[in-house]
Amino acid sequence: MKMMDEAIKMAKKAFNKNEIPIGAVISFNGEIIAKAHNTVETKKDCTCHAEINAIKKACKKLGTKTLEGCEMYVSVEPCAMCAGAIIHSRIKRLYIGCEEPKTGCCISKVNLLKPGLFNHNVECYYGIGEDESRGLMKNFFISKR
């Protein structure tokens, strides 16, 4: 749960910056190598999702173009763009806090991580830190109405 706690901390950081509260952490051999949150509004760039930001940081840290053997913890289910980036970066395992019923592409809308669908399979686990992750999202969108 330690890694997901860090992802949730990153989501809270996004929330405080008026960004959709999603945080991501990437670990290698049990050690955090990258942490990130959404920066879409701040950077005015629709590709600056937490997962993409974390993947870029982790690749830079390891000096590689892929993240074989790494694990990602993300507070909210990844969208199609992020699920694709997770597959292409060759992350070994993905841990997801809560589902995203409108844009999630790992279980909610479609499952891009379905074993055998692509040339790399990502092990996927759900529900770690689910209540807190869902609460952050809910409170963020309530504050926007």
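Let us look at the structure shown here.

**Overview of empty space enclosed by the protein**
Rolled over the atoms, a probe sized like a water molecule indicates the empty space that remains. Evaluation of the coordinates by the stated rule reveals 1 cavity of 30 Å³ or more. As a volume, the largest cavity reaches approximately 30 Å³. In terms of lining, the largest cavity is formed by I87, L112, L113, K114, L117, F118, H120, N121 and V122. Counted by class, the lining of the largest cavity contains 6 nonpolar, 2 polar and 1 charged residues.

**Describing unusual backbone geometry**
A positive phi is found at K44, a non-glycine position, where the angle reads about 55°. Of note in this structure, R90 is not a glycine but carries a positive phi near 65°. Within the secondary structure layout, R90 lies in the loop between helix 4 (80-88) and strand 4 (93-98). Given a relative accessible area of 27%, R90 falls into the partly exposed group.

**Some remarks on the packing of aromatic side chains**
Under the defined criterion, the tally for this structure stands at 4 aromatic pairs. Feature note: the residues F15, F140 and F141 constitute an aromatic cluster, connected by ring pairs.

**Focus on helix 4**
Every buried residue of helix 4 is listed here: C82, A83, G84, I86 and I87. Residues of helix 4 that are buried in the fold lie against helix 3 (50-62), strand 3 (70-76) and strand 4.

**Let's talk about a positive patch on the surface**
A contiguous patch of positive charge, built from K13, K17, K43, K56 and K57, is present on the exposed surface. The topology assignment puts K56 in helix 3. Here K56 falls in the exposed class, since its relative accessible area comes to 56%.

**Structural notes on the pairing of strand 3**
Among the 7 residues in strand 3, 7 count as buried, and that is most of the element. Summarising the sheet, strand 1 (residues 23-28) and strand 3 pair through 5 bridges and their orientation is antiparallel. Across the sheet, the residue bridging to I26 is M72, located in strand 3. Bridging between strand 3 and strand 4 involves 5 bridges; their strand directions are parallel. Along strand 4, the bridge assignment pairs V76 with C98. Once the chain exits strand 3 it traverses helix 4 before rejoining the sheet at strand 4, and the crossover so formed is right-handed.

**Some points on the nonpolar core**
One finds I26, I55, L67, M72, I86, I91 and L94 to be the most contacted residues of the largest nonpolar core, which totals 27 residues. Contributions of two or more residues to this core are made by strand 1, strand 2 (31-37), helix 3, strand 3, helix 4 and strand 4. Ranked by residue count, the leading element in this core is helix 3, at 5 residues. Leave out the neighbours within four places in its chain, and I26 touches E31, I32, I33, A34, A54, I55, A58, L67, C70, E71, M72 and I91. Membership of the second largest hydrophobic core comes to 9 residues, among which are M4, A11, V25 and Y95.

**Notes on the environment of C82**
Following the sequence through the fold, C82 ends up in helix 4. Note: C-alpha distance between C82 and T39 (43 residues apart in sequence) is 14 Å. C82 has contacts with H49, E51 and I52, leaving out every residue within four places of it along the chain.

Rules of the game
Residue indices follow the written sequence of each chain, beginning from 1 at its first position. Only residues with pLDDT of at least 70 get local features here, since the model is predicted, and only at 80 or more are side-chain atom pairs given and counted; chain-wide, interface and lining totals rely on the full set of residues. Water and hydrogen atoms were dropped before computing side-chain values, which therefore reflect all heavy atoms in the structure. The distinction between a cavity and a pocket rests on a 1 Å grid over the protein atoms alone: a 1.4 Å probe fits inside a cavity but cannot get out, while a pocket stays open yet meets protein on both sides within 12 Å along at least five of seven lines, and a residue with an atom within 4 Å of a point counts as lining. Grid points are joined across faces, edges and corners, and a volume is the space filled by probe spheres set on the points. The residue classification treats Ala, Val, Leu, Ile, Met, Phe, Trp, Tyr, Cys and Pro as nonpolar and Asp, Glu, Lys and Arg as charged. All others, Gly included, are polar. Strands here mean DSSP runs of E at least two residues long; helices mean DSSP runs of H or I at least four residues long; both are numbered from the N terminus. Using a 1.4 Å probe on the protein chains alone, a residue whose accessible area is under 20% of its type maximum counts as buried, one over 50% counts as exposed, and one in between counts as partly exposed. Between rings of Phe, Tyr and Trp, where Trp is taken as its six-membered ring, a pair exists when centres lie within 6.5 Å; planes separated by under 30 degrees are stacked, by over 60 edge-to-face, and by other angles tilted. Any two residues whose heavy atoms approach within 4.5 Å at even a single point are treated as in contact. Within the patch definition used here, like charges are joined within 9 Å and nonpolar side chains (Val, Leu, Ile, Met, Phe, Trp, Tyr) within 5 Å, considering only residues with over 30% relative accessible area and no salt bridge. Values of accessible area rely on a 1.4 Å probe in the Shrake-Rupley scheme; residue burial ignores everything except the protein chains shown. In what follows, salt bridge is the name for a side-chain nitrogen of Lys or Arg lying within 4 Å of a carboxyl oxygen of Asp or Glu. For this count, His and the chain ends are skipped, Lys and Arg are scored as positive, and Asp and Glu as negative. For charged residues, the charge sits on one atom: NZ in Lys, CZ in Arg, CG in Asp, CD in Glu. Think of it this way: DSSP has to see at least two bridges between two strands before they count as a pair. Handedness of a crossover: with both strands directed away from the viewer, a clockwise path from the first strand across the helix to the second marks it as right-handed. In this text, buried Ala, Val, Leu, Ile, Met, Phe, Trp, Tyr and Cys residues form a nonpolar core when linked through side-chain atoms within 4.5 Å.

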